Amino acid sequence: MTTAIRYYSKFGNSERMAQVVGEVTGAKPASVETPLTEEVDILFIGAGLFLAKVNGRIKEFARTLNPGKVKKVVCFGSCALSDSPVPQLRKIFEELGFSVAEESFTCRGAMGPWHGGHPDAKDLANLKAFTEKLVHGK
Ligand SMILES: Cc1cc2nc3c(=O)[nH]c(=O)nc-3n(C[C@H](O)[C@H](O)[C@H](O)COP(=O)(O)O)c2cc1C
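Residues numbered from 1 in each chain as written. Predicted model: local features only at pLDDT ≥ 70, side-chain atom pairs only at ≥ 80, totals over all residues.

Trainee: Just to check I follow, could you spell out the pairing of strand β4 (residues 70–79) for this structure?
Mentor: Each regular strand carries side chains that alternate between the two faces of the sheet. In terms of burial, β4 is a largely internal element, eight of the 10 residues being buried. As paired elements, strand β3 (residues 40–48) and β4 share eight bridges and run parallel to each other. Paired with Ile-42 across the bridge in β4 is Lys-72. Assessed by its sense of winding, the connection that carries the chain from β3 through helix α2 (residues 56–63) to β4 is right-handed. Relative to strand β5 (residues 100–108), β4 runs parallel, the two being bridged by six bridges. Within β5, the residue paired with Cys-79 across the bridge is Arg-108. In the classification by handedness, the crossover that spans β4, the intervening helix α3 (residues 86–95) and the parallel β5 is right-handed. (Buried ≥ 20, exposed ≤ 12 C-beta atoms within 10 Å, placed from the backbone. Helix = DSSP H or I, 4+ residues; strand = E, 2+ residues; numbered from the N terminus. Pairing = 2+ DSSP bridges. Right-handed = clockwise from strand over helix to strand, strands pointing away.)

Trainee: Mind showing me how you'd approach the site of the ligand here?
Mentor: Within the structure, the ligand sits among 19 residues, and Ser-9, Ser-14, Gly-48, Cys-79 and Gly-109 are positioned closest to it. When residues of the shell around the ligand are traced back to their parent elements, those giving at least two are α1 (13–25) and β4. Its residues assigned to classes, the shell around the ligand shows 10 nonpolar, eight polar and one charged. (Near = placed C-beta within 6 Å. Nonpolar A, V, L, I, M, F, W, Y, C, P; charged D, E, K, R; others polar.)

Trainee: It is not clear to me how the nonpolar core should be interpreted in this structure. Could you clarify?
Mentor: One broad trend across soluble globular proteins is that nonpolar side chains are buried collectively. Formed by 36 residues in total, the largest nonpolar core has its most connected members in Phe-44, Ile-58, Val-73 and Leu-89. Those elements that provide at least two residues to this core are β1 (3–8), α1, β3, α2, β4, α3 and α4 (121–136). Looking at which element gives the most residues to this core, the answer is β4, with six residues. With sequence-adjacent residues up to four places away left out, Phe-44 is seen in contact with Thr-3, Ile-5, Val-21, Val-74 and Phe-76. (Core = buried A, V, L, I, M, F, W, Y, C linked by C-beta atoms within 7 Å. Contact = placed C-beta atoms within 7 Å.)

Trainee: What is the right way to read the packing of α2 against α3 from this model?
Mentor: Two quantities define a packed helix pair, namely the angle between the helix axes and the distance between the axes. Between α2 and α3, the shortest axis-to-axis distance is 10 Å and the interhelical angle comes to 25°. Of the possible angle classes, the one that applies to α2 and α3 is roughly parallel. The hand of the α2/α3 crossing is right-handed. When α2 is examined against α3, the residues Ile-58, Lys-59 and Ala-62 are found in contact with a partner set consisting of Leu-89, Ile-92 and Phe-93. (Axes fitted to C-alpha atoms, helices over the stretch in contact; angles between N-to-C directions. Parallel < 35°, antiparallel > 145°, perpendicular 65-115°, else oblique. Left-handed = near helix turned anticlockwise from the far one by under 90°.)

Here it is as structure tokens:
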């Protein structure tokens, strides 16, 4: 199974999460500034929320991709106030014709005094378990 990992990370939270996904899958995480040219079975895409929105670079990145060359998109992210950045990620990719997995991963991400320390070790362990189940079925 071929996997790619891309993220937009302002404070490094999605980047740390992407590293965990990379440890499980063997894929090298990179920001959305890094083009994806190869065909993949799974593209993991991650982000946080700022002023209730995912950054516009995610959509710009999605527009560079061919839905025929990405079998499935898996969304992950963190945020402090809202439920999750995942619905926005899902919408961006679905509107462009990608198949987006039902499964996704969200945890808290610190914003000043809110949820300090998140994503923490437990969040990252949960993400590891999520990724292992998704990719290796265990
Ligand atoms: C300036 C600022 C604005 C934020 N705005 C929101 C927001 O509107 N809603 C929310 O749920 N989280 C908000 N957050 C929390 C971020 O989504 C959270 O820190 C996330 O983990 C950041 O991920 P990143 O470091 O990968 O970009 C905000 C954080 C900061 C620092």
